[in-house]
Amino acid sequence: RWLVLSAMLLALGALALVAGAVWAGYSQDLPSVDGFGTATLSQITRIYASDGTTLLQERYGQNRTVVPLDHISPSLQRATVAIEDRDFYNHGGFDVPRIASAAYYDITHRAAARGASTITQQVVKNSLLSPALAQSRSADRKIKEFILAIQLENRYAKPRILEMYLNSIYYGNGAYGIEAASQTYFGLHAKDLPVPEAALLAGIPQNPTLHDPLTADGYLSARARQHDILKAMVTAGYLPQADADLAFVKDLKPELDAAQKQQSAPTASLAPHFVNYVLDQLRAKYGQDVVDKSGLTVITTLSPKVQQLAQASVSREVAAVARITPTGRDPEDGQPAYAPNTGSMLVLSPQTGAVLGMVGSADYNNKAINGSVNMTVDDPHQVGSSFKPFTYATALANGLTAGSVLEDGNSNFLTDKTYHPKDFDGRELGRISLATSLQQSRNLSSIHLFEQMGARRVFATLEALGLPPQYLKNTGPSATLGTNDVRMIDHVAAYGGFADGGKRLHPWAIAKVTDSQGRVLEDNRAPKMEQAIPNDVAAQLTDILKGSEKPGGWNTSFPVAMKSGTTEHWTDSWYVGYTTDLVMGVWMGHTDAHGGRFHQNRIYGENGAGLILRDFVHDWYQGKPPVDFPSSKRLTCLASPVPSSSPRAAGGGAPAVPYQVADPGQAGPPPSPLKLCPSPLPRRPSPSASASPGAGSPAASSPAPSPGR
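Fair warning: this is a prediction, and the values are worked out from it, not measured in the lab.

Cut-offs and rules
Residues numbered from 1 in each chain as written. Predicted model: local features only at pLDDT ≥ 70, side-chain atom pairs only at ≥ 80, totals over all residues. Heavy atoms only, no water. Helix = DSSP H or I, 4+ residues; strand = E, 2+ residues; numbered from the N terminus. Contact = heavy atoms within 4.5 Å. Areas by Shrake-Rupley, 256 points an atom, 1.4 Å probe, with all protein chains shown as cover. Pairing = 2+ DSSP bridges. Axes fitted to C-alpha atoms, helices over the stretch in contact; angles between N-to-C directions. Parallel < 35°, antiparallel > 145°, perpendicular 65-115°, else oblique. Nonpolar A, V, L, I, M, F, W, Y, C, P; charged D, E, K, R; others polar. Core = buried A, V, L, I, M, F, W, Y, C linked by side-chain atoms within 4.5 Å. Buried < 20%, exposed > 50% of the residue type's maximum accessible area, 1.4 Å probe, protein only. pLDDT = per-residue confidence, 0-100. Phe/Tyr/Trp six-rings, centres within 6.5 Å; stacked < 30°, edge-to-face > 60°. Polar contact = N/O pair within 3.5 Å; in protein donor to acceptor, adjacent residues only side chain to side chain. Salt bridge = Lys/Arg side-chain N within 4 Å of Asp/Glu carboxyl O.

Enquirer: When you look at the overall build of the protein chain in this model, what are you seeing that I'm missing?
Expert: Counting its secondary structure elements, the protein chain contains 22 helices and 18 strands. Sequence separation of 24 or more characterises 73% of the internal contacts of the protein chain that already satisfy a separation of 6 or more. Carbon and sulfur atoms provide 54% of the accessible area of the protein chain, an area that totals close to 30,200 Å².

Enquirer: Is there a simple way to explain the sheet that holds strand β18 (residues 583-589) in this structure?
Expert: Adjacent strands of a sheet pair through backbone hydrogen bonds, lying either parallel or antiparallel. The strand order across the open sheet built from five strands is β7-β6-β18-β17-β16, with neighbouring strands paired in antiparallel fashion. Two strands in the sheet have a free side with no partner beyond their single neighbour: β7 (355-359) and β16 (561-566). In this sheet, neighbouring strand axes are inclined to one another by 10 degrees on average, regardless of whether the strands run parallel or antiparallel. Summarising the sheet, strand β17 (residues 573-578) and β18 pair through six bridges and their orientation is antiparallel. Bridge pairing in β18 links G577 to M584.

Enquirer: Help me understand the packing of helix α2 (residues 74-84) against helix α10 (residues 216-235) in this model?
Expert: Two quantities define a packed helix pair, namely the angle between the axes and the distance from one axis to the other. Running from amino to carboxyl end, α2 crosses α10 at an angle of 95 degrees, the nearest separation of the two axes being 8 Å. As summarised for this structure, α2 and α10 are arranged roughly perpendicular, according to the angle between their axes. Residues S75, R78, A79, A82, I83 and E84 of α2 form the contact with α10, whose participating residues are R225, D228, I229, A232 and M233. Looking at side-chain class alone, the contact of α2 with α10 contains six nonpolar, one polar and four charged residues.

Enquirer: Where do I start with the nonpolar core in this structure?
Expert: Of all hydrophobic cores here, the largest spans 73 residues; its most connected members are F274, L282, L434, F459, F498 and Y578. The biggest single contributor to this core is helix α20 (residues 488-499), with eight residues. Apart from the residues within four sequence positions on either side, L434 is in contact with Y392, A395, L396, L400, T401, A402, S404, L406, L449 and I544. Counting 56 residues, the second largest nonpolar core, distinct from the first, contains L69, A149, I178 and F186.

Enquirer: Honestly, the environment of Q260 in this entry has me stumped. Any pointers?
Expert: By the secondary structure assignment, Q260 is in helix α12 (residues 253-264). In this structure, the C-alpha to C-alpha distance between Q260 and Q183, residues 77 residues apart in sequence, is 9.8 Å.

Enquirer: So what exactly am I meant to see when it comes to the packing of helix α18 (residues 443-453) against helix α19 (residues 455-464) here?
Expert: Taken N-terminus to C-terminus, the directions of α18 and α19 make an angle of 95 degrees; their axes are 5 Å apart at the nearest point. Of the possible angle classes, the one that applies to α18 and α19 is roughly perpendicular. Where α18 abuts α19, its residues F450, Q452 and M453 lie against A455, R457, V458 and F459. The residue inventory of the contact of α18 with α19, partitioned by class, reads five nonpolar, one polar and one charged.

Enquirer: Which parts of the structure should I look at to understand the sheet that holds strand β14 (residues 520-523)?
Expert: Strand order in the open sheet formed by five strands is β2-β1-β3-β13-β14, with mixed pairing between adjacent strands. Looking along the sheet, the strands with just one partner apiece sit at the ends: β2 (55-59) and β14. On average, adjacent strands in this sheet sit at an angle of 15 degrees to one another, irrespective of strand direction. Here strand β1 (residues 45-48) runs beside strand β3 (residues 297-300); their pairing, made up of three bridges, is parallel. Note that in β3 the partner of Y48 across the bridge is I299.

Enquirer: Please explain the confidence of the model for the protein chain as it appears in this structure.
Expert: Low pLDDT marks regions whose predicted coordinates should not be analysed in detail. Of all residues in the protein chain, 79% attain a pLDDT of 70 or more, and the chain-wide mean is 83. Low pLDDT, under 50, characterises residues 109-114; the stretch is placed with 11 contacts to residues that sit more than four places away or in other chains. Counting interchain partners and residues more than four positions distant, the pLDDT-below-50 stretch residues 635-709 has 202 contacts.

Enquirer: What am I meant to see in the packing of aromatic side chains here?
Expert: In the structure shown here, the tally under the stated rule is 14 aromatic pairs. Summarising the aromatic geometry, the rings of Y338 and F598 are spaced 5.8 Å apart at their centres and angled 75 degrees between planes, so their arrangement reads as edge-to-face. Separated by 260 residues along the polypeptide, Y338 in the loop between β5 (336-337) and β6 (342-348) and F598 in the loop between β18 and α22 (609-620) bring together distant segments of the chain. Under the relative-accessibility criterion, F598 is labelled partly exposed at 29%.

Enquirer: Just to check I follow, could you spell out unusual backbone geometry for this structure?
Expert: Glycine aside, residues mostly have negative phi angles, and peptide bonds mostly take the trans form. Backbone geometry at S441 places phi at a positive 55 degrees, although glycine is not the residue there. As for its position among the elements, S441 is in the loop between α17 (434-439) and α18. In this structure, W570 takes a positive phi of about 55 degrees despite not being glycine. Within the secondary structure, W570 sits in the loop between β16 and β17. Judged by relative accessible area, W570 falls into the buried class, the value being 3%.

Enquirer: What is the right way to read α2 from this model?
Expert: Counting buried positions over the 11 residues of α2 gives nine, a clear majority of the element. By the burial criterion, the buried members of α2 are S75, L76, Q77, A79, T80, V81, A82, I83 and E84. Measuring from the side-chain oxygen of the N-cap residue of α2 to the backbone nitrogen of S75 gives 3.1 Å; that N-cap residue is S73.

Enquirer: Would you mind going over the pattern of salt bridges with me for this structure?
Expert: If charged atoms from side chains of opposite charge come close, those side chains can pair. Taken as a whole and assessed by the stated rule, the structure comprises 25 salt bridges. Residues E255 and K250 are paired through a salt bridge, measuring 3.3 Å at the closest nitrogen-oxygen approach. Given a relative accessible area of 31%, K250 falls into the partly exposed group. A salt bridge links R487 to D490, with the shortest nitrogen-to-oxygen separation between them at 2.9 Å. Overall, R487 belongs to the partly exposed group, its relative accessible area being 24%. Residue classification places D490 among the buried residues on the basis of a relative accessible area of 9%.

Enquirer: Please explain helix α8 (residues 178-186) as it appears in this structure.
Expert: Owing to its 3.6 residues per turn, the α-helix aligns residues three or four sequence positions apart on the same side. Most of α8 is tucked away, with eight of its nine residues classed as buried. Within the span of α8, buried status applies to I178, E179, A180, A181, S182, T184, Y185 and F186. Packing partners of the buried residues in α8 comprise α2, α7 (158-168), α9 (195-203) and α12. Once α8 ends, the next one or two residues include G187, with phi positive near 65 degrees.

Enquirer: Please explain the side chain of S433 as it appears in this structure.
Expert: Turning to its location among the elements, S433 is positioned in strand β10 (residues 430-433). Residue classification places S433 among the buried residues on the basis of a relative accessible area of 2%. Within the local environment of S433, its side chain forms a polar contact with the side chain of T436, the two groups lying 2.8 Å apart.

Enquirer: Explain the pairing of β7 here, please?
Expert: Regular strands show a simple pattern: their side chains alternate between the two faces of the sheet. Most of β7 is tucked away, with five of its five residues classed as buried. Judged from the four bridges that link them, β6 and β7 form a sheet pairing that is antiparallel. Each bridged residue has a counterpart across the sheet, and for L346 the counterpart in β7 is M358. Between β6 and β7, which pair antiparallel and follow one another directly, the connecting turn spans six residues, one of which, G353, has a positive phi of 85 degrees.

Enquirer: I keep staring at the environment of E317 and nothing clicks. Help me out?
Expert: Tracing the backbone shows E317 in helix α15 (residues 304-324). For E317, a relative accessible area of 0% translates into the label buried. C-alpha separation for the pair E317 and L611, spaced 294 residues apart in sequence, amounts to 6.5 Å.

Enquirer: Would you take a moment to explain the environment of R78 for this structure?
Expert: Along the chain, R78 turns up in helix α2. When its relative accessible area of 39% is taken as the criterion, R78 is described as partly exposed. Non-local contacts of R78, meaning those with residues more than four positions away in its chain, are made with M233 and Y238.

Here it is as structure tokens:
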């Protein structure tokens, strides 16, 4: 007897030594269970508008929304435990009787048809082992899984392990975790699942393809599995038999069909160009994997109403102008001239620089116009006469006033003797006030003023307002007519300095970012604003621009400062405007699938892009006009004589700051004072004077400036 007992003890000791050696050997290269939890799971990143509720887009590697255990229906928890691991709350990570039962079944049936893994072991397999090892059926994988399951049970409470399981497993149809599954199949949150729905969902993970309730055969299989689960819940004491019977007789097909219909319904993104703009910034800061997998919540600056009105205005007026624009050829070079087929619009807050609306093209999905390209940020182009206010702001900062006299004529410019631009009407108006020159968008007087100020000084104004210097390559006289390529977002932001007392705007689109645990990663809702140009300069310029030419059909009386722009061959139609609470930039043109831009058939700022701005302003302020701008104290109707006989050449040693007093050069005979009462503005015909424009279309005789040449 003692010999037998001794032998048994020696055998057990030897077995313990072997087990210890195996444990020690395998523990060397096991993944750590430190930091175990749902934070490691791939989750959906959601991007919202400024209201925090309007969803703009979801980004994910796996469709998963992690929820805590107390946000998962108790019925679902019980159904899962009853069918997957009925002794979950009693074992230490593995179930010996279940393993023995499964082994007996496998031997007698000569097939591995019955699983013996506990919920804890499944969590290990899905969350801690590498994908390659998790798919293996080797003893090596089983031993590692066994050891890790014991480590998890010793380290973490059962609720945490169950929470991880329910958030990590795959429920089919792209749904990872119970919250995504509840939404996919029933349109419910996981916390709201009743017993019948919970029992059906709990059965899917065993074989998501076989038990797919969205297919005819899968629904029958899922219902059979549901019946087994309800019986298991009764056996485990989780559910009375009467309640199980009621749950099984409930027809779930209508709920499944309704949810599937909702899931398959096409959804148009409110602001696809804006979302891409935000994603580019997020990827640059956090990396692709974090954006797609870490469950960020991103609150942006986008106003849903501004975006909707802007998109509608762009789409409507591009189509309306195209309908009444005849085909033809450019009268200057005989090249084909087209009707517009696209447009873009950007709306910023002048107080903060926040992007309120961003329409990158008339149709994001239209490949024929290269619609996915965001014209507001990705495609710099000439801005025509909408550049001129920067020259005039420089003049005002250097001591000139709205009534200062400019020479509108004599195109013998100092910096380029071969450059002979004209205005649309071919006229030279002689001596006119600075205000009249800008309001009528006169070319010759604008060039004289640019040369008097000097390119260096004008560009310093631009840089102070935030326009990057790399866009200011052309320093010749045509620069004031907008011949440098500029991004819309920089151009519009620079105008924002005029709208808010000379402060520089830094456009921004991301207000707040939090991670999946609710920790704030960034909060940008208190942007810094620097003074770029004197407040009074901005006020004087605004007073002038309030009197600029208006788009065709303009019928609002509240204060809006604005400026048109048209480039050579009518290729680019621009309008930039601002009120006390919005800064708006609009472009209209004709593009092809490769992004090339083409001549248009006499599409100016006023009868092109200006109509988009007109519609938007009318719709946004309907019944609630904006308050007026603060009045400028220095604005005067009296002329301040400025000799024009010897304007300073571009550069000319002018200091590289925008508010030095300009050297007027040699004084000539002072001209007669002019009253700042601009003469009636000339009017030009729309693309087709004989066309009969419909609602929202250009008037038959819309005013327009000349292309900036």
